[in-house]
Amino acid sequence: MHHHAVPATPPADTTTPERRTLCLLGLPIDVTSMDDAVVRVREAVRLRRPMFLSTPNLNFLVGSQSDSGFRQSVIDSDLSLADGMPLVWMSRLMGVPLPERVTGSDLFERLVNDPMPPDQPPLRVYFFGGPPGAAAAAAKGLDERKGSMVCVGHASPGFGSVEDMSSPEVIDAINASGADFLIIALGAAKGQAWIQRNRGQINAPVISHLGAVVNFTAGTVKRAPGWVGKVGMEWLWRIKEEPALWRRYVKDAMTLGKLLGGAVLPQALGRNVPQSGRWAAVTLEHASDGPRLVIRGALEGSVPPTVQASLHACAQSQGRHVTLDLTKLRHAGPEFQGQLLLLHRELCAQGRHISVLGSSRVKRHLRLNRVELDAGAAA
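Residues numbered from 1 in each chain as written. Predicted model: local features only at pLDDT ≥ 70, side-chain atom pairs only at ≥ 80, totals over all residues. Heavy atoms only, no water.

K.L.:
For the overall build of the protein chain, give the residues involved together with the corresponding values.
P.N.:
Looking only at helices and strands, one finds 15 helices and 14 strands in the protein chain. Counting the 379 residues in the protein chain, one finds 53% classified as buried. Summing over all exposed atoms, the protein chain offers an accessible surface of approximately 16,700 Å²; the carbon and sulfur share of this is 56%. (Helix = DSSP H or I, 4+ residues; strand = E, 2+ residues; numbered from the N terminus. Buried < 20%, exposed > 50% of the residue type's maximum accessible area, 1.4 Å probe, protein only. Areas by Shrake-Rupley, 256 points an atom, 1.4 Å probe, with all protein chains shown as cover.)

Spelled out as structure tokens, the structure:
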């Protein structure tokens, strides 16, 4: 076995080109702004680089606590945006404030309204789903706006199963349209499941479930004024527009209370790490069965580049097994936990395994925030 040490103390406010995420109750959320999200979507289209875009809100957060497939769909996303103010508030409580709320509807509006770069044609969108007739109305409404997006196709598949909506004819019609951006509107859990099932066959580089966008663009539901969303009261506006939603919002609010009391507040109260302790030293050891990464110190805020690089090296290494030794780590904050989710996803895709060794304190951090890794991990 051989090892090398990595310098201990990162410079202040260091940023890296790596994806920055934090974990909120088992969901990875990208630390990003609306401006950056617009750039990343357009760049994915320009480079024809696949992007599964998820927009978790409170309903996603609640549903993912009991639906592992739904949760996994967000973990498998290439960009995960905080669509609901409760997620932003939670991030503040946990000491890693997200820069802003980035809703799928607002992102869509920016993509429509912002001028395209001179070397890029308008984005081509395909609407799939929504109530009967909504996709066709959305297509008409979008083309009448004459913005930076044009509709190249639409379909209303009805209310069948994910399997029924995944026939070769359906996939062929979407691909034949030449769409850059496929917008799904089937209900959050079903829409995410449809994307998980079919995205490997879809040629459109960007795919997202943006259910409200179809209704907004069709004109069947009126969007809330901007200030309503900023103060976190958009749910009241949505109930006014769609009264049937009130049951969902009541159920989500009750579950939110339990999550706050049972998971978020305990993490908020337990995150007091002295300023002098906010550093981490890493040692990466290589053995025949795979790498062993030892992390010491404390990881409360941004993950230092040295730790990011070491986690990336583990994902790129040889061997069936990765061991994370966190027994000397005093604090594992939400951003580090977000990196663990992404590492675990990458290793699973490779058919590899991860084990986490940690103190009872670190294990509690991971358990409270629903960082669920393979058997043998901290649980």
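K.L.:
How would you sum up the packing of helix α1 (residues 34–47) against helix α5 (residues 104–113)? Please name residues and give values.
P.N.:
At their nearest, the axes of α1 and α5 sit 10 Å apart, and the two run at 65° to each other. In terms of crossing hand, the pair formed by α1 and α5 is right-handed. Of α5, the residues touching α1 (which contributes M34, D35, A37, V38, V41 and R42) are D106, L107, R110 and L111. Residue classes in the contact of α1 with α5 are distributed as six nonpolar, no polar and four charged. (Axes fitted to C-alpha atoms, helices over the stretch in contact; angles between N-to-C directions. Left-handed = near helix turned anticlockwise from the far one by under 90°. Contact = heavy atoms within 4.5 Å. Nonpolar A, V, L, I, M, F, W, Y, C, P; charged D, E, K, R; others polar.)

K.L.:
Would you mind going over the pairing of strand β4 (residues 51–54) in detail, with residue names and values included?
P.N.:
Burial of the side chains of β4 extends over both faces: M51 and L53 are buried on one face and F52 and S54 on the other. Judged from the three bridges that link them, β4 and strand β9 (residues 206–209) form a sheet pairing that is parallel. Bridging across to β9, M51 finds its partner in V206. Note that β4 and strand β5 (residues 79–80) share two bridges and pair parallel. (Pairing = 2+ DSSP bridges.)

K.L.:
I'd love a proper account of a positive patch on the surface, names of residues and values included.
P.N.:
A cluster of basic residues, R330, R361, K363, R364 and R367, forms a positive patch on the protein surface. The greatest single-element share of the positive patch, amounting to four residues, is contributed by helix α15 (residues 360–368). Following the sequence through the fold, R364 ends up in helix α15. For R364, a relative accessible area of 39% gives the class partly exposed. (Patch = residues over 30% accessible without salt bridge, like charges linked within 9 Å, V, L, I, M, F, W, Y side chains within 5 Å. Salt bridge = Lys/Arg side-chain N within 4 Å of Asp/Glu carboxyl O. Lys, Arg positive; Asp, Glu negative; His and termini not counted. Charge placed at Lys NZ, Arg CZ, Asp CG, Glu CD.)

K.L.:
Break down the pattern of salt bridges for me, citing the residues and quoting the values.
P.N.:
Per the counting criterion, the structure on display carries 15 salt bridges. When the shortest N-O distance is used, the salt bridge between R145 and E109 registers 2.8 Å. One end of the pair, R145, is in helix α6 (residues 134–145); the other, E109, is in helix α5, and 36 residues separate them in sequence. Residue classification places R145 among the partly exposed residues on the basis of a relative accessible area of 36%. Linking D114 and R110 is a salt bridge whose minimum nitrogen-to-oxygen distance equals 2.7 Å. Assessed through its relative accessible area of 21%, D114 is described here as partly exposed.

K.L.:
Just give me the short version of the pairing of strand β10 (residues 280–287), but keep the residues and values in it.
P.N.:
The buried fraction of β10 is high, at six of eight residues. Bridge count for β10 against strand β11 (residues 290–299) is eight bridges, and the pairing is antiparallel. When the sheet's bridge partners are listed, L284 is paired in β11 with L293. In this antiparallel pair of consecutive strands, β10 and β11, the connection spans two residues.

K.L.:
Residues and numbers for helix α14 (residues 334–349), please.
P.N.:
Look at α14: 23 Å from first C-alpha to last across 16 residues, which is about the 22 Å you get at 1.5 Å a residue. Two residues or fewer after α14 comes G351, characterised by a positive phi angle close to 75°. (Expected span 1.5 Å × (residues − 1).)

K.L.:
Pulling in residues and values, what's your account of the side chain of T32?
P.N.:
Along the chain, the position of T32 falls in the loop between β3 (27–30) and α1. By relative accessible area, which is 5% here, T32 ends up buried. One polar contact links T32 to D36, side chain to side chain, over a distance of 2.6 Å. With near-sequence residues (within four places) excluded, T32 lies in contact with A37, R40, L81, P99, E100 and V102. (Polar contact = N/O pair within 3.5 Å; in protein donor to acceptor, adjacent residues only side chain to side chain.)

K.L.:
Help me get a handle on the sheet that holds β9, residues and values and all.
P.N.:
Reading across the sheet, the six strands line up as β5-β4-β9-β8-β6-β7 and stay open at both edges, with parallel pairing between neighbours. Each edge of the open sheet carries a strand with a single partner, namely β5 and β7 (149–155). Along the sheet, helix α8 (residues 188–198) contacts β4, β6 (123–129), β8 (181–185) and β9; its crossing angle with β9, the most-contacted strand, is approximately 155°.

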